[in-house]
Amino acid sequence: MKDYNITGKTVLITGSAGFIGANLALELLRTCEVINIVGIDNVNDYYDVSIKNYRLEKIEELAKTKPISSWKFINESICNKDKIDAIFSEYHFDIVVNLAAQAGVRYSITNPDAYIESNIIGFYNILEACRKYPISHLVYASSSSVYGSNKKIPYSTEDKVDNPVSLYAATKKSNELMAHAYSKLYNIPSTGLRFFTVYGPAGRPDMAYFGFTNKLIKGETVEIFNYGNCKRDFTYIDDIVKGIMMVIQSPPKKENGEDGLPIPPYALYNIGNNKPENLLDFVTILQEELVRAGVLPTDYDFGSHKKLVPMQPGDVAITYADTTALERDFGFKPNTSLRQGLRNFAEWYKDFYNI
Ligand SMILES: NC(=O)c1ccc[n+]([C@@H]2O[C@H](COP(=O)([O-])OP(=O)(O)OC[C@H]3O[C@@H](n4cnc5c(N)ncnc54)[C@H](O)[C@@H]3O)[C@@H](O)[C@H]2O)c1
């Protein structure tokens, strides 16, 4: 479907020091002959800032080898409306990819303010800026968490998702509604992407696979929720980035309806592996790969370092993406195996922490 040539275009990535944002910036620099990227991130300390700085360094390094492209990083919050307005007015973006957000389900139980500020006010500021300084395509992050405790699997974007079970999920669903309203009112082409548990090298330390690894090397016990009966559609970072790259190049068409008014140029996709894995199997593969990479000793006694515990508030038992729409429109489906993805993570971890 790729019908929008991004060569020479100016792209804003918010959350560019984050896991997905940084990988997207790297892929754009790697694969586009000429591209101008502006990254915004407030580099907050929700998790270890050294990982955010490491990702930014990787982008800087690559950008230096691409003299006809450009990379500009701005340390700013999307909550600062005046600053966001000034940045849009200066750069006149063709494409905006909004990945900045307060992520995490559990943290939204104890720190709800951060979610309202970054995910609602921040996203509103981005929408307002897109209205004032017209763009060709707004792509933004939603989440599998909008499905809440959806009974029907796999989860389809056709399913009704009006029952979020965390404030995080509620903010992500709100983003989809806000984007729809702006698409309709101001004819802004927008695409929402519901990501399903993204993992990989230099990933997020607040996520289970990373936290488990930190604990296992300290000899601590890992807690496996819902007594190990959780299933997650783990999606490897490169697959997510591939999906975003395809989507960026296919803005929804601007068309008028029979009433002469614009039909909202609005699209929504799941990006998931379409293959949920049992949390216990996931942890077993992770442990094997940590041993293989030399992060854990070969005689590590995993059995004595795991504890099966009940479900946590806000968590859901299964996430499972129906990726039919993504396959239909782009002929693409995430396909990196868990073993390969966790192998890459384990090798990166060994390197990064100098083990
Ligand atoms: N990683 C996943 O599994 C996953 C799953 C579903 C949805 N998502 C969504 O995808 C997006 C990217 O996720 P990620 O995993 O890269 O998370 P991340 O936390 O690594 O990246 C988000 C970045 O946004 C920045 N940020 C937060 N608030 C900001 C603000 N007000 N202004 C500017 N920058 C701000 C943070 O400093 C961080 O670097 C988020 O919207 C997240 O909710 C991620």
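Going by the structure above, here's the rest.
What counts, and at which threshold
- Residues numbered from 1 in each chain as written.
- Predicted model: local features only at pLDDT ≥ 70, side-chain atom pairs only at ≥ 80, totals over all residues.
- Heavy atoms only, no water.
- Helix = DSSP H or I, 4+ residues; strand = E, 2+ residues; numbered from the N terminus.
- Rg over C-alpha atoms; globule rule 2.2 N^0.38 Å.
- Buried < 20%, exposed > 50% of the residue type's maximum accessible area, 1.4 Å probe, protein only.
- Contact = heavy atoms within 4.5 Å.
- Areas by Shrake-Rupley, 256 points an atom, 1.4 Å probe, with all protein chains shown as cover.
- Lys, Arg positive; Asp, Glu negative; His and termini not counted.
- Charge placed at Lys NZ, Arg CZ, Asp CG, Glu CD.
- Near = heavy atom within 4 Å.
- Polar contact = N/O pair within 3.5 Å; in protein donor to acceptor, adjacent residues only side chain to side chain.
- Nonpolar A, V, L, I, M, F, W, Y, C, P; charged D, E, K, R; others polar.

S.K.: Any chance you could explain the overall build of the chain here in plain terms?
M.R.: Across its full length, the chain carries 11 helices and 15 strands. Expected size for 355 residues packed as a compact globule is a radius of gyration near 20 Å; at 20 Å, the chain falls within 12% of this value. When the backbone C-alpha atoms are referred to their principal axes, the chain occupies close to 65 × 50 × 40 Å. For the chain, the residues scored as buried account for 55% of the 355 residues in total. Considering only contacts within the chain whose residues lie at least 6 apart along the sequence, 84% involve residues at least 24 apart. About 15200 Å² of surface is accessible on the chain, with carbon and sulfur atoms providing 50% of the total. For the chain, the distance from the average site of its 38 positive side-chain charges to the average site of its 42 negative ones is 1 Å.

S.K.: Teacher, can you tell me more about the site of the ligand here?
M.R.: Asp41, Tyr47, Tyr168, Lys172 and Val198 are the nearest of the 30 residues found near the ligand. Contact between the ligand and Tyr168: an oxygen atom at 2.7 Å from a side-chain N or O atom of the residue. Between the ligand and Arg204, the relevant distance is 2.9 Å, taken from an oxygen atom to a side-chain nitrogen or oxygen of the residue. In the complex, 98% of the free accessible area of the ligand, which totals 810 Å², lies under the protein chains. Among the elements of the structure, helix H1 (19-31), strand E5 (137-143) and helix H6 (167-186) are those that each provide at least two residues to the shell around the ligand. In terms of residue count, E5 provides more of the shell around the ligand than any other element does, 3 residues in total. Residue classes in the shell around the ligand are distributed as 16 nonpolar, 9 polar and 5 charged.

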